[in-house]
Amino acid sequence: MKFLDSEWYEIHLKKIGETFTEPGKLNTSLVEVYRNVWGESGNTKWIKYVVENTMVKEITSGEGEDRIPEAAFRCFGDYKSYVSVCQRRLDPKMGILGGVFKLEGGVMAAMPMLPVYDKLTQCKRIDGMDF
């Protein structure tokens, strides 16, 4: 299983279902854009998360720079940077503040989403995953 392949994605979806069990008040959407996936220049993948009442209600994924959907927040980064987050070598918040990731939608506006994003990040970390 490789990070972002179909097997990883299925396990990621399952972990999200098991993790997001407590409703709250947050309603938002986020698209993570992974550029140069698996070291292939121009290979772009994305995952869109729709959050309703602090629960992940919809998840879609796709490929291509020209197909990235709109969302309240869109986070762009190189695949290797996202790998560093999964390997706990880079804190995603520090990656945004340090310019490793480009966040559309505003850092201050994203602050209420941080607990949800932390949970999403945990759901990306799958035992036995290769990069």
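This text goes with the structure placed above it.
Residues numbered from 1 in each chain as written. Predicted model: local features only at pLDDT ≥ 70, side-chain atom pairs only at ≥ 80, totals over all residues. Heavy atoms only, no water.

(A) Just the pattern of salt bridges, in detail. In total, this model carries 8 salt bridges according to the counting rule given. Among the salt bridges present, the one from Glu32 reaches Lys124, with a minimum N-O distance of 2.7 Å. Placement of Glu32 in strand E1 (residues 28–35) and of Lys124 in helix H5 (residues 114–124) is noted, with a sequence separation of 92 residues between them. Each member of the pair Glu32 and Lys124 is classed as buried. (Salt bridge = Lys/Arg side-chain N within 4 Å of Asp/Glu carboxyl O. Helix = DSSP H or I, 4+ residues; strand = E, 2+ residues; numbered from the N terminus. Buried < 20%, exposed > 50% of the residue type's maximum accessible area, 1.4 Å probe, protein only.)

(B) Inspection of the sheet that holds strand E2 (residues 45–52) at higher detail. Spatially, the 5 strands line up as an open sheet ordered E3-E2-E1-E4-E5, and their pairing is mixed. Two strands lie at the open edges of the sheet, namely strand E3 (55–63) and strand E5 (102–104), each paired on one side alone. Neighbour to neighbour, the strand axes of the sheet diverge by 15° on average, direction disregarded. Here 6 bridges tie E1 to strand E4 (residues 73–78), and the two strands are oriented parallel to one another. When the sheet's bridge partners are listed, Glu32 is paired in E4 with Cys75. Against the sheet, helix H2 (residues 79–86) contacts E1 and E4, and its axis sits at roughly 100° relative to E4. Contacts from H5 reach E1, E2 and E3, with the element oriented near 45° to E1. (Pairing = 2+ DSSP bridges. Axes fitted to C-alpha atoms, helices over the stretch in contact; angles between N-to-C directions. Contact = heavy atoms within 4.5 Å.)

(C) Layout of the packing of helix H1 (residues 6–19) against H5. Direction vectors running N to C along H1 and H5 enclose 135°, while the axes themselves pass 8 Å from each other. Here H1 is positioned oblique relative to H5, judged by the angle of their axes. For the pair H1 and H5, the sense of crossing is right-handed. In contact with Trp8, His12, Lys15, Ile16 and Thr19 of H1, H5 contributes Lys119, Leu120, Gln122, Cys123 and Lys124. When the residues that make up the contact of H1 with H5 are grouped by side-chain class, the tally is 4 nonpolar, 3 polar and 3 charged. (Parallel < 35°, antiparallel > 145°, perpendicular 65-115°, else oblique. Left-handed = near helix turned anticlockwise from the far one by under 90°. Nonpolar A, V, L, I, M, F, W, Y, C, P; charged D, E, K, R; others polar.)

(D) A look at unusual backbone geometry. Look at Asn36: it is not a glycine, yet its phi comes out positive at around 60°. Residues other than glycine seldom take positive phi values, yet Arg88 does so here, at roughly 65°. Secondary-structure assignment places Arg88 in the loop between H2 and helix H3 (92–97).

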